[in-house]
Amino acid sequence: MATGTILRMTDIVKRFGHVLANDRVNIQLAPGEIHALLGENGAGKTTLMNILYGLYQPDSGAITIHEKPVKITSPADAISMGIGMVHQHFMLIDVFTAAENVVLGSWKPAELRMDPATVEAQVQAVANQFGFDFDPAAVVETMPVGVQQKVEIVKALYRGAKILILDEPTAVLTPQETEELFRCMRDLIAKGVSIIFISHKLDEVLEISDRVTVLRLGKVVGTQLTKQVRKEDLAVMMIGHLLERMPKPARTPQSPGLTVKDLTVIDRQKVEKVKGLSLRVEKGQIIGVAGIDGNGQVELANAIAGIWPAASGAVSINGVDMDARSITPRRFTDLGGAYIPQDRSHTGLILDFSSGENLVLKRYRQPPFVKHGFLQHRIIHENAAKLLAQYDVRPPDPYLQTGKLSGGNQQKVILARELHEDPSVIVVCYPTRGLDIGATEFVHQQLIQHRSQGAAILFISNELEELMEMSDKILVLHRGEIMGLVEPAATTPETLGLLMMGQKVAAHE
Amino acid sequence: MNDFRTRFTDAIRAQNFTLPLVSLAMALILSAVPILIAGRNPIVAYYEMMAGAVGGPVRIGVSLTKATPILFTGLSVALAFRSGLFNIGAEGQLYLGALGATLVALGFPSMPQVLLLPASIGVGFLFGAFWGVIPGYLKARYQTNEIITTIMMNYIAFWFISYLVHGPLREPNSMYSYTAEVPQSSRLPVLIPGTQLHAGFLIALVLVVATYILLSKTAIGFRMRATGANPEAAHYAGMSIRKNIVLVMALSGGLAGLAGVTEILGIQYRLSDFFSSGFGYDGVAVALLGNSNPWGVLLASLFFGLLRGGASSMQRRIGVPAATVLIIQGLAVFFVVIGVGFRSRRPTRVLPGRRTAGVDADPDRAVPDAEKEPDVAEDGR
Amino acid sequence: MELLTQLFGVSLFAAAIRLSIPIIAAAVGEVFAERAGILNIGIEGMMLMGAFGAVIGSYYSGSPWVGLLSGMLFGAILGLIHAYAAITLRINQVVSGIAINLFALGATTTMARILFHEQRTQVASFDELAIPVCKGIPVLGPVLCEHAFLVYLVVAIAFLSQYILFRTTLGLRIRAIGEYPKAADSAGIRVLFIKYACTVFGGVMAGIAGSFLSLVQLNLFVDNMSAGKGWIALTAVVFGRWSPVGAMLGGLLFGMVEAIGLRVQALGLPIPHELLLMLPYLATLLVFTGVVGRTRAPASLGKPYAKETL
């Protein structure tokens, strides 16, 4: 294996608004190496690679290739320098054939004619050269995801990529397809390609990479040789440590407030995101749901709340049994359900509306907010003023457009709306994402209070400290299935981390 | 250079020129060019135009008369816009409305006015509503793009009416293809003697108020606005997006239908296929100028009415072609739209494409690629 | 049966072709624009400007060829304005198109009054050709071989466009942009430039369509002479499922229907020609709503594209 450095990114800084996505990040790639970039979602991995690929421009920092400084202002630049990227969401044109996708954009100015047969033959040749196998004439839409990924990889290789970036490639693959991918990766290394492998999956990183760089909240935590590091250490580097626990009143077992049986959810891309899952939340209990983003949590929450109904299964809300397919948002609300969605600005609120209007979004048809079909604006806004004060929204102006509030205050508006009617079942999805400490505290307090009042709360989060503080029990979700149900007192972040990565551990208690 | 260009266009886009006046001023300035080429003084021309528009009760009557059909179609389009729908079909809907009114008026000539007039208007409204519901239903059920369907419906309506007035409904023994005159008892009373200004204008004013009340003060209006502003949140909140689409298209179609009704019962007194000079499309322009707000639409249609009322006068008196006002109108719309920018923060989705926001809200957002531009309103307090 | 022969005589088909050309020209241009994701409702206005521009050019130079170029130029300028509004400023494309229509109607009517004091000023126009060998062919000869040069040009462009769009690398790029601009960008394609180019091309073709109206069908400019043909062109694009040859067939359908309608009127036949004229729209509506076959617009049609957003 050659020595030296093929790629070096130095002190990369990138901001989006107030958020620092990359905070002076340094990373190097040696020739013939598989270098893993490890971190949770939001850690800054994809941003960094998008900078390398020319989709974003860094605010500051330098990139060198073979120790020569380069400026990458567009994907075309990156491609010309031998950098190829396979994105998490494939950049494929569904209605084109595999060959058309591979050659897209690759011609020299003079080349105009495109004969399908020739193109397919060319693509086939490159695919064979690197050991990939698919039908170049097949339309991408008809291909399974694993094969689509191969097309994406061949696309990069066809353009002469020597540095290949793979962004969470195994997120959409079965274990078998993953093994296949790793075999291909090793082949590519043997053929002179160097690979940056973005992932949050510990096992795979340990299996396939030579070196690993861990990112957390935009900063590099450390870079290690893979064979010199332990799983547990990586987990801690990635996830962080425990905070002080919040006092929670003790509870006695109660009847269930929310039951889910054999729930299966299929998303729009026809992928099964929740696989025959069953769970039970008692009244006055908080069940935390842990897991890396994208393992079915949002789909689970949406299915229970009726936003995107399940494909099959049964649900019992506040004692009322029903087929999971028949839940609608309105039914869920009528049965005493409240849902705090993960995307507050786009799903939970209408930012153009005033806070007063947002607070009655679900109840605008009920008296006293409506009389003979007419909205009672005064009552709506008086009610809103009370709520806004109670939930400490700043500024507590019911006529102010909600879009003008900060994220923390927007979340409080949602809480005010959802929690004020003392719901019996509360589904919460990443409620403190992007909030500062004060707002986070507030959210936690509210939920604990409602727990004391007997609500059954399903609490989905990817912040382990938060989950361990808040939950009576923690469910770990991986690929739409439950990996384990643990008590916070009897577990550690490391164990949770391993469960989240899909490693089944002996269930506690 | 690139940097400057980006900043310049960003500024244009971000600027909240809720001063359509500035845009108006620019439109007037640019429209002075052809006037100058014609060898006339633009200031004099605009003066003559204004004089022709508001100089005296008769001229005001003319301006208001010209504003009336556009006011109806403007309300129609604005109502649809506020609910997130593009109703380009006002033209066809107004033809159907005209047909409905004519059929009732001609069909019951002996009915007393107190019954016949409201009946004709009501049926006209229903015909227009029906013509709007068809594309509405297609959109609600199949997510078919309403821009294309409503344009098709315009032509189908036009040719159907054309067929009727050339054939089955044609006035016998006439050189022209139109229906017989509608009876006196079905005609809208004239408001200012000596002018053509008819009660349709008053109806339109009432509807401006009604639309305002509907949108701002009723629960149904709340639902419409919510769906138009953010279909996903509306769905999350339990609102039925489908029912909303059909209802809005019905109301919108009915309003446009009234444009046709009032033109027939107030001006033409008979149905033909040439009574509309594109009022439906003017409605789109006026709705945009008025920022889809009923009062804005009122002002914008009055503006158009004034321009057109004064145009013929301007042409007659100093020889500047009346069509100049169309230039002013086109430029005004253009500049206002550039100035006001997007209605919502995200680019307006014109066609459904892959993701149909609304009928099925998209549950998989921000997952797993949480590293795209995060929530920017993030500054603690 | 005598009626039928009177109706469907040879000259009907020739007339159908003539009437369809402006629609075909505009539609082919619009296919490119829409395939690149830009919806151009302003075709009607661009056609009208093209017609006017052509007359201006021919008037001041005495040559219809200059007129043609002038018409193309006027169309291109409006196309550029729409491109700037839709692509760079990213304002709503429907709005931009309608504003252009209003403006074009006003500008052409006004300027025509001002420049041509005498209404109905005639200008040098294109004559019909009579292609030597071709015109001798029985039946087909009179139908196909006695048209003005512009007819053959437009048909040639239609076929060439089909080839370019589906058989060249450029066409693949354009179609990729229309489906998923982010993917095209990621593959190194100059998305914005190509969008601009296709929109301007649409304007040029609309200009040619207009020039045909004022320099071939007639030899003068008449107020609002595009008379809705731009809207028909939009319909033809949908009918033809966003392919140039499909749009050409759609245009021919509309041309044929119009020709039959005119013929029916001229012969005083008791067939309601309006219903006939309604049919193509009904057909397109059915086709588009999937009642008959499935049609899908380019996925990103009408959506503004912005870099640096995922």
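Our subject is the structure that appears above.
In short, a report on the structure. (Residues numbered from 1 in each chain as written. Chains lettered and ligands numbered in written order. Predicted model: local features only at pLDDT ≥ 70, side-chain atom pairs only at ≥ 80, totals over all residues.)

## Digging into the overall build of chain C
And then number 1: Within chain C one finds 14 helices and zero strands.
And then number 2: Relative to the 2.2 N^0.38 estimate, which gives 19 Å for 310 residues, the radius of gyration of chain C is 20 Å and therefore close to what a compact globule would have.
And then number 3: Counting only C-alpha atoms and orienting by the principal axes, one finds that chain C spans roughly 65 × 50 × 40 Å.
And then number 4: Looking at chain C residue by residue over its 310 residues, the buried ones come to 58%.
And then number 5: Restricting the contact set of chain C to residue pairs at least 6 apart, pairs at least 24 apart contribute 75%. (Helix = DSSP H or I, 4+ residues; strand = E, 2+ residues; numbered from the N terminus. Rg over C-alpha atoms; globule rule 2.2 N^0.38 Å. Buried ≥ 20, exposed ≤ 12 C-beta atoms within 10 Å, placed from the backbone. Contact = placed C-beta atoms within 7 Å.)

## Some details on the pairing of strand β6 (residues 83-86) of chain A
Residue and element names in this part refer to chain A.
And then number 1: Burial of β6 is two-sided: the residues I83 and M85 facing one way and the residues G84 and V86 facing the other way are all buried.
And then number 2: Both β6 and strand β7 (residues 163-167) contribute to a ladder of four bridges, which runs parallel. Note on β7: the bridge partner recorded for V86 is L166. (Pairing = 2+ DSSP bridges.)

## Some details on the nonpolar core
Across soluble globular proteins, nonpolar side chains have a tendency to be buried as a group.
And then number 1: Ranked by size, the top nonpolar core spans 382 residues in total, and within it L52(A) and V333(B) carry the most contacts.
And then number 2: Element by element, the count of residues in this core is highest for helix α11 (residues 191-217) of chain C, at 15 residues.
And then number 3: In this structure L52(A) touches M9(A), I63(A), I72(A), A78(A), I83(A) and I165(A), once residues within four positions along its chain are discounted. (Core = buried A, V, L, I, M, F, W, Y, C linked by C-beta atoms within 7 Å.)

## Things to note about the sheet that holds strand β9 (residues 211-216) of chain A
Residue and element names in this part refer to chain A.
And then number 1: A sheet is described by the order of its strands in space; here six strands give the open sequence β6-β7-β8-β3-β9-β10, paired in mixed fashion. Across the chains shown, the open sheet's two edge strands, defined by having one partner strand only, are β6 and β10 (219-225). Direction aside, the axes of adjacent strands within the sheet are offset by 15° on average.
And then number 2: With five bridges connecting them, β7 and strand β8 (residues 194-199) associate as parallel partners. (Axes fitted to C-alpha atoms, helices over the stretch in contact; angles between N-to-C directions.)

## Details of unusual backbone geometry
All names here are of chain A.
And then number 1: Residue P368 is bonded to the preceding P367 through a cis peptide linkage, with omega at 0°.
And then number 2: Assignment of secondary structure puts P368 in the loop between α12 (355-359) and β17 (370-371).
And then number 3: Phi at N318 takes a positive value of approximately 55°, unusual for a residue other than glycine.
And then number 4: By the element assignment, N318 lies in the loop between β14 (312-317) and β15 (320-323).
And then number 5: A count of 16 C-beta atoms within 10 Å places N318 in the partly exposed class.
And then number 6: In this structure, R479 takes a positive phi of about 50° despite not being glycine.
And then number 7: The exposure class of R479 is partly exposed, given the 18 C-beta atoms found within 10 Å.

## Some words on the interface of chain B and chain C
And then number 1: With 50 residues of chain B in contact, the opposing surface of chain C contributes 47 residues.
And then number 2: Per element, the largest residue contribution to the side of chain B that touches chain C is twelve residues, and it comes from helix α7 (residues 146-166) of chain B.
And then number 3: Of the residues that constitute the side of chain B that touches chain C, the class distribution is 33 nonpolar, eleven polar and six charged. (Nonpolar A, V, L, I, M, F, W, Y, C, P; charged D, E, K, R; others polar.)

## Quick word on helix α4 (residues 116-129) of chain A
All names here are of chain A.
And then number 1: Across its 14 residues, α4 extends 20 Å between first and last C-alpha, which sits within 8% of the 20 Å expected from 1.5 Å per residue.
And then number 2: Buried within α4 we find E120, V123, Q124 and A127. All buried residues of α4 project into a common sector of 105° when viewed along the axis, lining one side. Among the exposed residues of α4, those oriented more than 90 degrees off its buried face are T118, A121, A125 and Q129.
And then number 3: At its buried positions, α4 is contacted by α3 (98-103) and α5 (145-158).
And then number 4: Looking one or two residues past α4, G131 carries a phi angle of roughly 80°, positive in sign. (Expected span 1.5 Å × (residues − 1). Arc of directions from axis to C-beta.)

## Notes on the packing of helix α13 (residues 244-267) of chain C against helix α14 (residues 273-288) of chain C
Residues and elements named next belong to chain C.
And then number 1: At a minimum axis distance of 9 Å, the contact between α13 and α14 shows a crossing angle of 180°. If you check the angle between α13 and α14, you find them roughly antiparallel. Listed contacts from α14 to L253, F254, V257, E258, I260, G261, V264 and Q265 of α13 are H273, L276, L277, L279 and P280.
And then number 2: Class assignment of the residues belonging to the contact of α13 with α14 gives a composition of nine nonpolar, three polar and one charged. (Parallel < 35°, antiparallel > 145°, perpendicular 65-115°, else oblique.)

## Examining the sheet that holds strand β4 (residues 60-65) of chain A
Residues and elements named next belong to chain A.
And then number 1: The strand order across the open sheet built from four strands is β2-β1-β4-β5, with neighbouring strands paired in antiparallel fashion. With one partner strand each, in any of the chains shown, β2 (19-29) and β5 (68-70) form the two edges of the open sheet. With strand direction ignored, the average angle separating the axes of adjacent strands in the sheet is 30°.
And then number 2: With five bridges joining them, strand β1 (residues 7-16) and β4 adopt antiparallel strand pairing. Note on β4: the bridge partner recorded for T10 is A62.
And then number 3: Here helix α1 (residues 45-52) sits on the sheet in contact with β1, β2 and β4, set at roughly 115° to β1.

## Looking at the packing of helix α12 (residues 229-239) of chain C against α13(C)
All names here are of chain C.
And then number 1: Relative orientation of the contacting elements α12 and α13 amounts to 130°, with a least axis distance of 7 Å. One element, α12, and the other, α13, form an angle in the oblique class. The hand of the α12/α13 crossing is right-handed. Taken together, the residues of α13 that come into contact with α12 (itself represented by I232, A236, V237 and F239) are A247, G250, G251 and F254.
And then number 2: In terms of residue class, the contact of α12 with α13 is built from six nonpolar, two polar and no charged. (Left-handed = near helix turned anticlockwise from the far one by under 90°.)

## Digging into the environment of I60(B)
And then number 1: Mapped onto the elements of the fold, I60(B) is located in helix α4 (residues 57-82).
And then number 2: Once the C-alpha coordinates of I60(B) and G74(B) are considered, the two residues, 14 residues apart in sequence, prove to be 20 Å apart.

## So, the pairing of β8(A)
Residues and elements named next belong to chain A.
And then number 1: Within β8, six of the six residues are buried, which leaves the element mostly enclosed by the surrounding structure.
And then number 2: Relative to β8, strand β3 (residues 34-38) is paired through five bridges, and the arrangement is parallel. The partner of L38 across the bridge, within β8, is S199.

Any functional reading would require information that these geometric values do not contain.
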